[in-house]
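Listed below, chain by chain, are the residues.
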Amino acid sequence: MGSIVCQSCEQVIEYYEDEKVSVLYGKCCQVCGEDHEE
């Protein structure tokens, strides 16, 4: 299982299937600090 984490606020954006545990970094929103959808 892997996860995609926001570079700015460190919230988990999404989980995905993977053979090993890994973390990818991305952006969840254009301006972090806004409410995040769960």
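Analysis parameters
- Along each chain, numbering runs from 1 in the same order as the chain's sequence is written.
- In keeping with the predicted nature of the model, local features appear solely for residues at pLDDT of at least 70, side-chain atom pairs appear and are counted solely at 80 or more, and the whole-chain, interface and lining totals rest on all residues.
- In computing side-chain properties, one takes all heavy atoms of the structure into account and sets aside hydrogens as well as water.
- Only DSSP runs of H or I covering at least 4 residues are called helices, and only runs of E covering at least 2 are called strands; the numbering of each starts at the N terminus.
- Residue exposure (1.4 Å probe, protein chains only): buried if accessible area is under 20% of the type maximum, exposed if over 50%, otherwise partly exposed.
- Note on pairing: two strands pair once DSSP finds at least 2 bridges between them.

Asks: I would appreciate a short explanation of the environment of Y25 in the present structure.
Replies: Note that Y25 resides in strand β3 (residues 22–26). The exposed category is assigned to Y25, whose relative accessible area is 52%.

Asks: So what exactly am I meant to see when it comes to the pairing of strand β1 (residues 2–6) here?
Replies: Sheet faces and side chains relate simply in a regular strand, where the side chains alternate between the two faces. In terms of residue burial, β1 counts as a mostly covered element, since 4 of its 5 residues are buried. As paired strands, β1 and strand β2 (residues 12–16) are joined by 4 bridges and run antiparallel to one another. Directly across from S3, in β2, lies its bridge partner Y15. Between β1 and β2, which pair antiparallel one after the other, the connecting turn spans 5 residues, and E10 there sits at a positive phi close to 65°. Two strands pair when backbone bridges link them, and β1 and β3 are joined in this way by 5 bridges, in the parallel orientation. Bridging from a neighbouring strand, C6 pairs with G26 of β3.

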